[in-house]
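Chain and residue survey
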Amino acid sequence: GFLFVDWKTYGSNPDIWIDSAVNRADDFQSSNPGKRVAITNVRFENEYRRLVGLGWSGYHVLCSQQTWHSRLATKRIAPDADTANVGMPEDVEKA
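Residues numbered from 1 in each chain as written. Predicted model: local features only at pLDDT ≥ 70, side-chain atom pairs only at ≥ 80, totals over all residues. Heavy atoms only, no water.

1. Focus on the overall build of the protein
Scanning the protein from terminus to terminus reveals 3 helices and 0 strands. Ordering the α and β elements of the protein from the N terminus gives α-α-α. Here the protein holds 95 residues, and the buried ones make up 14% of them. Accessible area of the protein: about 8,000 Å², with a carbon and sulfur share of 51%. (Helix = DSSP H or I, 4+ residues; strand = E, 2+ residues; numbered from the N terminus. Buried < 20%, exposed > 50% of the residue type's maximum accessible area, 1.4 Å probe, protein only. Areas by Shrake-Rupley, 256 points an atom, 1.4 Å probe, with all protein chains shown as cover.)

In structure tokens:
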């Protein structure tokens with residue numbers, strides 16, 4: 001859970017969640033040498049920049065609109081403005 005969250009800084013530290021994630025990853029890797037860690041929900045630029053600055057690699061994983069709609073349907077969620085996925089494959093510039 002939230003063992004690694006510094007609750008004293010809640011509301012005043014914009015990096016509270018990435019601090020927590022990095023601390024938890026460091027703790028895991030200290031106890032499990034050679035194991036890898038993946039953070040699957042980097043939502044904000046400060047989180048991404050922090051991880052890259054620490055040597056992490058970033059990957060943006062996308063799925064087709066058909067797959068996305070199918071996954072939503074499985075969970076009985078209708079695709080609407082609240083679940084809009086900015087950055088669908090057709091929106092991403094090819095490198």
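2. Quick notes on the layout of surface pockets
Quantified by volume, the largest pocket comes out at close to 650 Å³. Forming the walls of the largest pocket are 16 residues, and the residues nearest its centre are Ile39, Thr40, Val42, Tyr59 and His60. Its residues placed into classes, the lining of the largest pocket shows 10 nonpolar, 5 polar and 1 charged. (1 Å grid on protein atoms, 1.4 Å probe; cavity = no way out; pocket = protein on both sides within 12 Å on 5 of 7 lines; lining within 4 Å. Points joined across faces, edges and corners; volume = space filled by probe spheres on them. Nonpolar A, V, L, I, M, F, W, Y, C, P; charged D, E, K, R; others polar.)

3. As for a nonpolar patch on the surface
Judged by side-chain polarity, Trp7, Tyr10 and Trp17 come together as a nonpolar surface patch covering roughly 370 Å² of accessible area. Mapped onto the fold, Trp7 is located in the segment before helix 1 (16–31). Among the residues examined, Trp7 registers a relative accessible area of 46% and is labelled partly exposed. (Patch = residues over 30% accessible without salt bridge, like charges linked within 9 Å, V, L, I, M, F, W, Y side chains within 5 Å. Salt bridge = Lys/Arg side-chain N within 4 Å of Asp/Glu carboxyl O.)

4. Focus: unusual backbone geometry
A positive phi angle, close to 60°, is found at Arg76, a residue other than glycine. Assignment of secondary structure puts Arg76 in the segment after helix 3 (65–74). Look at Arg76 and you get exposed, because its relative accessible area is 80%.

5. Quick notes on the confidence of the model for the protein
Mean pLDDT over the protein works out to 81, with 81% of the residues at or above the 70 mark. By mean pLDDT, the top-scoring element of the protein is helix 2 (residues 45–53) (94), and the lowest-scoring one is helix 3 (89). Low confidence marks residues 86–95, where pLDDT is under 50. Its contacts with residues over four positions away, or in another chain, come to 12 contacts. (pLDDT = per-residue confidence, 0-100. Contact = heavy atoms within 4.5 Å.)

6. Digging into the packing of helix 1 against helix 2
Look at helix 1 against helix 2: their axes get within 9 Å of each other, and the N-to-C directions meet at 30°. In this structure, the crossing between helix 1 and helix 2 has a hand that is right-handed. Between helix 1, through Trp17, Ile18, Asp19 and Val22, and helix 2, the contact on the second element is made entirely by Glu47, Arg50 and Leu51. In terms of residue class, the contact of helix 1 with helix 2 is made up of 4 nonpolar, no polar and 3 charged. (Axes fitted to C-alpha atoms, helices over the stretch in contact; angles between N-to-C directions. Left-handed = near helix turned anticlockwise from the far one by under 90°.)

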